[in-house]
Amino acid sequence: MTADQLARRVRLGWILLALAPAVGLGIPLQWLALRARFGYRRLPLCFHRYVARVFRVRIRHVGAPATTRPLLIVSNHVSWLDITVLSTGLPVSFIAKSEVATWPLFGLFARLQRSVFVDRAKRSDTGQVNAEIAGRLRAGDPIVLFAEGTTSDANRVLPFRSALIGAAGAAVAGADGAPVHIQPLAVTYTRRHGLPVTRTERPAIAWYGDMDLLPHLADLLCAGPLDVTLSWGEPVSYAAAGDRKAVTRMAEARIRALDAAARTGRVPAA
């Protein structure tokens, strides 16, 4: 075994040891909080802040999350790490594809964080899913939608899908006539070991295509401190009568601009 291999194993062992109490305590506490309907929004914040510290992830905000409600946060998607990064700042839930619910451990985390699971193959479930999203938005819960529908290689933002944005707006407005506020958010991994991440290095940080989760997780944890920038755009109101495709194009264009600015260190255009 080489010195690098030994250091990697020691690093992974330390991380698992550090995470064990958080996972062992966090899962039953969140389950009890959900049953009691008390404190279930606050516990994931504490958990993900601890995880980010153990993973040596440093988070920089450009702009801020909107305080208006109902709020649908529309974001690009790079890695499984996005979940932790986004969950350190405010008590969000996620719209996720249905297969996430079946993943070992990660599926349990997603359920405990009250993710809304969407099975795109079952159109018969659309009404129920839309009603759940609308109910959560009206209750004041910020919901995150990864509008690309998948993860990218971190060098580009993939085309956005407009269906769920339209469904969220229609469901909320259909219930009480209030518009939903759509806030664009760009997630950009900018530095590793304090140095700017290059175009050739970004795909190693991203989790996309047919990459296996556990090897990627181990590689990223051993790669050293990681900096990520969360760039918040200005929210826009969207009602049922609005043009969902136009709103989606606006969000996509804004996120592309914010992501490009974060990579280069420039101040994003207003």
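See the structure shown above.
Below: a short report on this structure. All values reported here derive from a predicted model rather than from experimental measurement.

Thresholds, definitions, all that
Residues numbered from 1 in each chain as written. Predicted model: local features only at pLDDT ≥ 70, side-chain atom pairs only at ≥ 80, totals over all residues. Heavy atoms only, no water. Helix = DSSP H or I, 4+ residues; strand = E, 2+ residues; numbered from the N terminus. Rg over C-alpha atoms; globule rule 2.2 N^0.38 Å. Buried < 20%, exposed > 50% of the residue type's maximum accessible area, 1.4 Å probe, protein only. Contact = heavy atoms within 4.5 Å. 1 Å grid on protein atoms, 1.4 Å probe; cavity = no way out; pocket = protein on both sides within 12 Å on 5 of 7 lines; lining within 4 Å. Points joined across faces, edges and corners; volume = space filled by probe spheres on them. Nonpolar A, V, L, I, M, F, W, Y, C, P; charged D, E, K, R; others polar. Pairing = 2+ DSSP bridges. Phe/Tyr/Trp six-rings, centres within 6.5 Å; stacked < 30°, edge-to-face > 60°. Core = buried A, V, L, I, M, F, W, Y, C linked by side-chain atoms within 4.5 Å.

Broken down by element type, the chain carries nine helices and nine strands. A globule of 270 residues ought to have a C-alpha radius of gyration of about 18 Å, and the chain, at 19 Å, matches this closely. Seen through its C-alpha atoms, the chain measures out along the principal axes to roughly 65 × 45 × 35 Å. When the 270 residues of the chain are sorted by exposure, 49% land in the buried category.

Further remarks concern the environment of Glu 252. Checked against the element boundaries, Glu 252 lands in helix α9 (residues 244-264). It is 17 Å that separates the C-alpha atoms of Glu 252 and Val 62, two residues lying 190 residues apart in sequence. Aside from chain neighbours lying at most four places away, what touches Glu 252 is Leu 158, Pro 159 and Phe 160.

Attention shifts here to the environment of Leu 158. With respect to the secondary-structure elements, Leu 158 resides in the loop between β5 (143-146) and α6 (163-176). Apart from residues no more than four positions distant in its own chain, Leu 158 is found in contact with Glu 148, Thr 150, Thr 151, Ser 152, Glu 252 and Arg 256.

Turning our eyes to something else, we now look at the layout of surface pockets. Considering only enclosed or pocket space, the largest pocket measures out at about 1,200 Å³ in volume. Along the wall of the largest pocket there are 43 residues; nearest its centre are Trp 80, Ile 83, Trp 103, Phe 106 and Leu 213. Among the secondary structure elements, those contributing two or more residues to the lining of the largest pocket are α1 (3-36), α2 (42-54), α3 (81-86), β3 (93-97), α4 (106-112), β5 and α8 (213-221). When the residues that make up the lining of the largest pocket are grouped by side-chain class, the tally is 31 nonpolar, 10 polar and two charged.

Further remarks concern unusual backbone geometry. Following Arg 69, the chain continues into Pro 70 via a peptide bond in cis, with omega recorded as 0 degrees. Residue placement: Pro 70 occurs in the loop between β1 (57-62) and β2 (71-75). A positive phi angle is found at Arg 56, which is not glycine, with a value near 60 degrees. With respect to the secondary-structure elements, Arg 56 resides in the loop between α2 and β1.

Okay, the pairing of strand β6 (residues 180-192) next. For β6, the buried fraction is high: 12 of the 13 residues fall into the buried class. In terms of strand pairing, β2 meets β6 through five bridges, oriented parallel. Looking at β6, one finds that Leu 72 is bridged to Ile 182. Across seven bridges, β6 lies against strand β8 (residues 226-232) in antiparallel orientation.

In this section: the packing of aromatic side chains. With the rule as written, the count across this model stands at five aromatic pairs. Note on Phe 55 and Trp 80: the rings are 6.1 Å apart at their centroids and 85 degrees apart in plane angle, and the pair reads as edge-to-face. With Phe 55 in the loop between α2 and β1 and Trp 80 in the loop between β2 and α3, this pair connects stretches of sequence that are 25 residues apart. We classify Trp 80 as buried; its relative accessible area is 10%. A network of ring pairs unites the aromatic residues Phe 47, Phe 106 and Phe 109 as a single cluster.

A few words on the nonpolar core. In terms of nonpolar packing, the biggest core is built from 39 residues, with Phe 55, Ile 73, Trp 80, Leu 81, Leu 86 and Tyr 189 touching the most fellow members. Contributing elements (two or more residues each) for this core: α1, α2, β2, α3, β5, β6, α8 and β8. Within the second largest apolar cluster, 23 residues are counted, among which are Leu 72, Ile 133, Leu 137 and Val 247.

Let's shift gears to the environment of Pro 65. Note on placement: Pro 65 falls in the loop between β1 and β2. What makes Pro 65 partly exposed here is its relative accessible area of 27%. Between the C-alpha atom of Pro 65 and that of Ala 257, which follows or precedes it by 192 residues, the distance is 17 Å. Among all residues touching Pro 65, those that are not within four sequence positions of it are Leu 90, Gln 183 and Trp 232.

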